[in-house]
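Each chain is listed here by its residues.
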Amino acid sequence: MKTPLVKIEGLNVAFDGAPAVRGVDLAVHPGEALGLVGESGSGKSVTWLAALRLLPGKASVQGRVSLDGSDILSLPVREMERIRGGRIGIIFQDPSSALNPVLSIRRQISEVLALHRGMSGSEIRAEAKRLLDLVGMPDAKGRLDSYPHEMSGGQNQRVMIAMALAGQPDLLIADEPTTALDVTIQAQILDLLQQIRREMGMALVLISHDLGVVAENCDRVAVMYAGRIVESGPAATLFDTPRHPYARGLIDALPTLDDTQRLVAIPGVVPDPRDMPRGCAFGPRCAYAGPECLLDSPPLRAVAPGRRLACARHNLDLAGPKSTTPNSTPAEVVS
Amino acid sequence: MIRYILTRFLRAFITIVLVVTFAFVVLRLSGDPATIILGPEAPPEAIAAFRKSWGLDQPVLVQYIQYFAAIFQGDLGMSMRDGRPALELVMERIPATLALTLPALMLKLAMGVPAGVYAALHQGTAFDRAVMVAAVMGFAVPSFVLALGLVLVFAVNLGWLPSGGRDTIWHAILPIVTLGLGGAAALARFTRSAMLEVLGQHYIRTASSKGLAWAVVVRSHALPNAAIPTVTLIGFLVGSLIAGAIVVESVFSWPGVGRLMVVAVANRDLAVVQCILLLVATTMVTSNLIVDFLYGALDPRLRHGARANA
C-alpha cells in the first residue's frame, strides 16, 4: 500500500463544546479521488476546514493531520500558509460569495501565482490566462479584468478552480462544488474536475451530500453521519451493496429514472450535537436498530478488503427491498 | 454613465432647493423679525416701515419668488441687524469654524478608523470592549456635557488650557477634542461593525485558503470591502464641517458660523439664517455626491451606472 498523501487520525472538532467531528480517521492517497458524503451538519466540510486550520478560533480541534508524514496541525503559521493553496487547494460551495467582490479575477488569481510560484509581471499574466483556458473559461483573456458579479455562478466556480490550481496543489478539496449551480452546469464542473485531476495527477476530495455525484466521480467513498465516518469503501461496491443502514438510506433516497417506486426518505432528523444519543448516533432513526445499538457507539472496523463499517449489526443483510420504514420493528427486519 | 452623473446632480440640486424652501417657510412662521429687532416697545409706524423696507409686508409666495430670483443672481440678502450682506457675514466666520472642524475631522479619522479596525480584528478582547464602551459613551454623552467636563478638568481644575475665546492656538484644543472624541466614537463603532461583517464573509476564508498571511488578507481583502460602508459615514462627517460645531462653538465662545447661526436665529435675522442653511445644505449634498462617486471607485458592482436605476 502506498503511503497516504494526507492522513487524518482521531480528528475531533467542537464548537463551544458541541462536537461537530468525532474521531474521524481518513487517508487520501496521491492521485486518488475520495468522496465524502453525508447530510448537512455531518461534519464533512468541517473535517477538511479543520485539517487546513481554516476554522474560526472558537473551534477546538484535536487529533493529527499529516501531510507526507508530518503533522500540519502543529506547524507554525508561516509553514501552514505555504501548504494552503500550495500543497492543498480548496474550492467552496457558493463561488459567488467565495470570491472577493471588489477585486478583479486577475488580481485574485495572481495572488496565488506570486505567493506559491514566485511569479511576477508578464509571467503572471500569461499563466493566469493559461489557467482560465485550462478551466474552460470562454474569452479567458478578456475575463481576467472582470469582477465576480459580472459572471455566472458556473464561470465563478471555474475561476475558483483556476485559483485553486494556480498553486499546483497535490490535493484539491472540492467542498460541494456544484451545490449552488444549475444542474446543467453541475455536470460540466464535475467533468472539469475529473479531467484536471487526470491531467495533473492531483488527488481530489469531493465533498457532497449527493451519493450519486460521488459514486460517479470518485474511486473511494466515505459516508459520514453526525461527525463520524460510518462506512467507507470502493465507490462502486459501496454504491451497489451498502452495508450501513444510513448509507443504504442515502441510496434509497436517490431518485432513479426507471423506478416507479416512491422515494424512500430516512425518517427523523440528525441528532443535536449537544445531545448525542449514547449508542449509535443513527440508532434512533435506524429501522434495523437492536438493543445493542443503544449501548455503545460502534467503532469503524474493516469488514472486507478495503471496506470499513461502523455498525453493531454488521452482519445484517441489507440487500433486500427498500425497507427503511420506521414502523417495522427491528425484530421483524432481522428475522 | 453621463446619465448617472446628471441624475445625481439633479437630485442634489432638488435636495438643496427643498432644504432652502423648508427653512424659508419655517422662518416666516416663527415670529416677526420686526418686533424682535426693533423691540416690543417700538411704535407701530416704525414696525410697519421696517416690514415695508425688508419686503415683509408682501405675501409669502411673492417673498419666496423674490428670494429665489435673488439667489440666482448671487444675492443672498442683507442682514437685518447690521445691514451687511449675509454672505459676507457668514464667510467671515467660516475660517474660524474650519479651524475647529478640520482638525477635529482629522482626529476622528485618525482615532476612529484604526480603533474600529483593531477592535474588530481582536473581537472580544479587553481593547475591543473598551472601544465599545467608549463608543457608546461617545454616542450617549451630548457634546455640551463632554465640553463642560473637559473645561472642568483641564481649564478649571488643572488650569492647563483656557475655557473659551479665540486668542491663541491653545484656545482651540478643547473644542477640537470635544468635537473629535464624539465623532471618533461613532466612527470606531461603525468601522468595527463594517469590518466584523466583512471578516465573516466567505471570501475572507477563501483568501486564507490560498495561503495568504492574515495581515495580507486583512489589508487586501477585508479593508477594501469594509471601506465601502465606512465612507458613507465619513462623507457625513465631511458634510458637517460647517454646521457640526454649533453647540461646541457656543460653549467655548468660539466666533464661528455656529455661533453666528445661534445669534441670527434668536434675532430672526432671516437672510443670515437662510444663508447659513443654504451653505450647510450645499456642503452636505456635495459631500454626499462625492461619496456616491467614491462608491463607484471602491465597489466595481456599482460602476457603469449600475446604481442609476436604484
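Keep in mind that this is a model prediction, so the values were computed, not measured.

**Examining the overall build of chain B**
Inference 1: The helix and strand inventory of chain B stands at 13 helices and zero strands.
Inference 2: Along chain B, helices and strands appear, N-terminal first, in the series α-α-α-α-α-α-α-α-α-α-α-α-α.
Inference 3: In terms of overall dimensions, chain B has C-alpha extents of about 85 × 60 × 30 Å along its principal axes.
Inference 4: Scored against the burial criterion, the 310 residues of chain B give a buried share of 36%.
Inference 5: A fraction of 74% describes how many contacts in chain B between residues 6 or more apart in sequence connect residues 24 or more apart.

**Regarding the overall build of chain A**
Inference 1: The helix and strand inventory of chain A stands at twelve helices and twelve strands.
Inference 2: Relative to the globule expectation of 20 Å for 335 residues, the C-alpha radius of gyration of chain A, 21 Å, shows essentially globular dimensions.
Inference 3: Taking contacts inside chain A between residues at least 6 apart in sequence as the whole, the part at least 24 apart equals 64%.

**Thoughts on the sheet that holds strand 8 (residues 203-208) of chain A**
All names here are of chain A.
Inference 1: Taken in spatial order, the eight strands line up as 6-7-8-3-9-10-12-11 in an open sheet, and their pairing is mixed. Taken across any chain shown, the strands that pair with only one partner, and hence form the sheet edges, are strand 6 (88-91) and strand 11 (301-304). Taken over all neighbouring pairs, the strand axes of this sheet differ in orientation by 25° on average, direction set aside.
Inference 2: Sheet topology note: the strand 9 (residues 220-225)/strand 10 (residues 228-234) ladder contains six bridges and is antiparallel. Note on strand 10: the bridge partner recorded for M224 is I229.

**Here's the deal with the sheet that holds strand 1 (residues 6-15) of chain A**
Residues and elements named next belong to chain A.
Inference 1: Within the open sheet, the four strands sit side by side as 2-1-4-5. Their pairing is antiparallel. Two strands lie at the open edges of the sheet, namely strand 2 (18-28) and strand 5 (70-71), each paired on one side alone.
Inference 2: Relative to strand 5, strand 4 (residues 59-67) runs antiparallel, the two sharing two bridges. Looking at the pairing, L67 lines up with S70 of strand 5.
Inference 3: The sheet contacts of helix 1 (residues 44-51) involve strand 1, strand 2 and strand 4, and relative to strand 1 the element is tilted by about 110°.

**Concerning the interface of chain A and chain B**
By convention, interface size is frequently given as the accessible area that disappears when the constituent parts associate.
Inference 1: On the chain B side, the residues contacting the 24 residues of chain A number 19 residues.
Inference 2: When residues of the side of chain A that touches chain B are traced back to their parent elements, those giving at least two are helix 2 (77-83), helix 3 (95-98) and helix 4 (105-117) of chain A.
Inference 3: It is helix 4 of chain A that contributes the most residues to the side of chain A that touches chain B, four residues altogether.

**Some details on the confidence of the model for chain B**
Residues and elements named next belong to chain B.
Inference 1: Chain-level statistics for chain B give a pLDDT mean of 87 and a share of 98% at 70 or above.
Inference 2: Between the elements of chain B, mean pLDDT differs from a low of 80, seen in helix 2 (residues 33-38), to a high of 95, seen in helix 9 (residues 202-209).
Inference 3: Every residue in residues 305-310 is under pLDDT 50, and counting partners more than four places away or in other chains gives eight contacts.
Inference 4: For this predicted complex, the interface score ipTM comes out at 0.86, while the overall pTM is 0.83.

**Structural notes on the packing of helix 1 (residues 2-29) of chain B against helix 13 (residues 270-298) of chain B**
Residues and elements named next belong to chain B.
Inference 1: At a minimum axis distance of 9 Å, the contact between helix 1 and helix 13 shows a crossing angle of 155°. Classified by the interaxial angle, the pair formed by helix 1 and helix 13 is roughly antiparallel. The hand of the helix 1/helix 13 crossing is right-handed. Where helix 1 approaches helix 13, its residues R8, A12, T15, I16, V19, V20, A23, F24 and L27 are matched on the opposing element by L270, V273, Q274, L277, L278, A281, T282, V285, L289 and D292.
Inference 2: A per-class count over the contact of helix 1 with helix 13 returns 14 nonpolar, three polar and two charged.

**Considerations on helix 8 (residues 170-199) of chain B**
Inference 1: Relative to the 44 Å expected for 30 residues at 1.5 Å per residue, helix 8 of chain B spans 42 Å between its end C-alpha atoms, a close match to the ideal helical length.
Inference 2: By the criterion of burial, helix 8 of chain B is predominantly enclosed, with 21 of the 30 residues buried.

**With respect to the domain arrangement of chain A**
All names here are of chain A.
Inference 1: Domain parsing of chain A yields domain 1 (6-222) and domain 2 (243-334).
Inference 2: Taken over C-alpha atoms, the centre of domain 1 sits 31 Å from the centre of domain 2.
Inference 3: In this complex, domain 1 contributes ten residues to the contact, which on the side of domain 2 involves seven residues.
Inference 4: For the side of domain 1 that touches domain 2, the secondary structure elements donating two or more residues are strand 2 and helix 9 (211-217).
Inference 5: Looking at the side of domain 1 that touches domain 2, the element that brings in the most residues is strand 2, giving four residues.
Inference 6: Considering only residue class, the side of domain 1 that touches domain 2 consists of five nonpolar, three polar and two charged.

**Here we look at the nonpolar core**
Inference 1: A162, L171, V205 and V223 of chain A together with V272 and I276 of chain B are the most contacted members of the largest nonpolar core, which totals 162 residues.
Inference 2: Here this core gathers at least three residues from each of two domains, domain 1 (6-222) and domain 2 (243-334) of chain A.
Inference 3: Apart from the residues lying within four places of it in its own chain, the contact partners of I276 of chain B are V90, V257, L260 and M261 of chain B.

**Digging into the packing of helix 5 (residues 86-121) of chain B against helix 12 (residues 257-266) of chain B**
All names here are of chain B.
Inference 1: It is the contact of helix 5 with helix 12, at a shortest axis distance of 7 Å, that shows an interaxial angle of 135°. Classified by the interaxial angle, the pair formed by helix 5 and helix 12 is oblique. Of helix 12, the residues touching helix 5 (which contributes L89, V90, R93, I94 and T97) are V257, G258 and L260.
Inference 2: A class-by-class count of the residues in the contact of helix 5 with helix 12 yields five nonpolar, two polar and one charged.

**Brief notes about the environment of I71 of chain B**
Inference 1: Mapped onto the elements, I71 of chain B comes out in helix 4 (residues 60-72).
Inference 2: A C-alpha to C-alpha distance of 38 Å links I71 of chain B and A185 of chain B, two positions 114 residues apart in sequence.

**Thoughts on the pairing of strand 2 of chain A**
All names here are of chain A.
Inference 1: The pairing of strand 1 with strand 2 spans eight bridges and is antiparallel. Looking at the pairing, N12 lines up with R22 of strand 2.
Inference 2: Count of turn residues in the strand 1/strand 2 antiparallel hairpin: two residues, of which D16 carries a positive phi of about 50°.

**Overview of the environment of L113 of chain A**
Residue and element names in this part refer to chain A.
Inference 1: Its place among the elements puts L113 in helix 4.
Inference 2: Under the C-beta neighbour-count criterion, L113 is labelled buried, with 22 such atoms within 10 Å.
Inference 3: In the structure, L113 is positioned 27 residues away from G86 in sequence and 9.6 Å away in space, judged by C-alpha atoms.

**A word on unusual backbone geometry**
Residue and element names in this part refer to chain A.
Inference 1: Not every positive phi belongs to a glycine, and D68 is a case in point at roughly 50°.
Inference 2: In the Ramachandran plot, E176 falls in the positive-phi region, its phi being about 45° despite a non-glycine side chain.
Inference 3: Along the chain, E176 turns up in the loop between strand 7 (171-175) and helix 8 (183-200).

**What about the confidence of the model for chain A?**
Inference 1: Summarising the model, chain A shows a mean pLDDT of 86, and 91% of its residues fall at 70 or more.
Inference 2: Counting interchain partners and residues more than four positions distant, the pLDDT-below-50 stretch residues 320-335 of chain A has 22 contacts.

Calculation rules
- Residues numbered from 1 in each chain as written.
- Chains lettered and ligands numbered in written order.
- Predicted model: local features only at pLDDT ≥ 70, side-chain atom pairs only at ≥ 80, totals over all residues.
- Helix = DSSP H or I, 4+ residues; strand = E, 2+ residues; numbered from the N terminus.
- Buried ≥ 20, exposed ≤ 12 C-beta atoms within 10 Å, placed from the backbone.
- Contact = placed C-beta atoms within 7 Å.
- Rg over C-alpha atoms; globule rule 2.2 N^0.38 Å.
- Pairing = 2+ DSSP bridges.
- Axes fitted to C-alpha atoms, helices over the stretch in contact; angles between N-to-C directions.
- pLDDT = per-residue confidence, 0-100.
- Parallel < 35°, antiparallel > 145°, perpendicular 65-115°, else oblique.
- Left-handed = near helix turned anticlockwise from the far one by under 90°.
- Nonpolar A, V, L, I, M, F, W, Y, C, P; charged D, E, K, R; others polar.
- Expected span 1.5 Å × (residues − 1).
- Domains from an automatic or database assignment.
- Core = buried A, V, L, I, M, F, W, Y, C linked by C-beta atoms within 7 Å.

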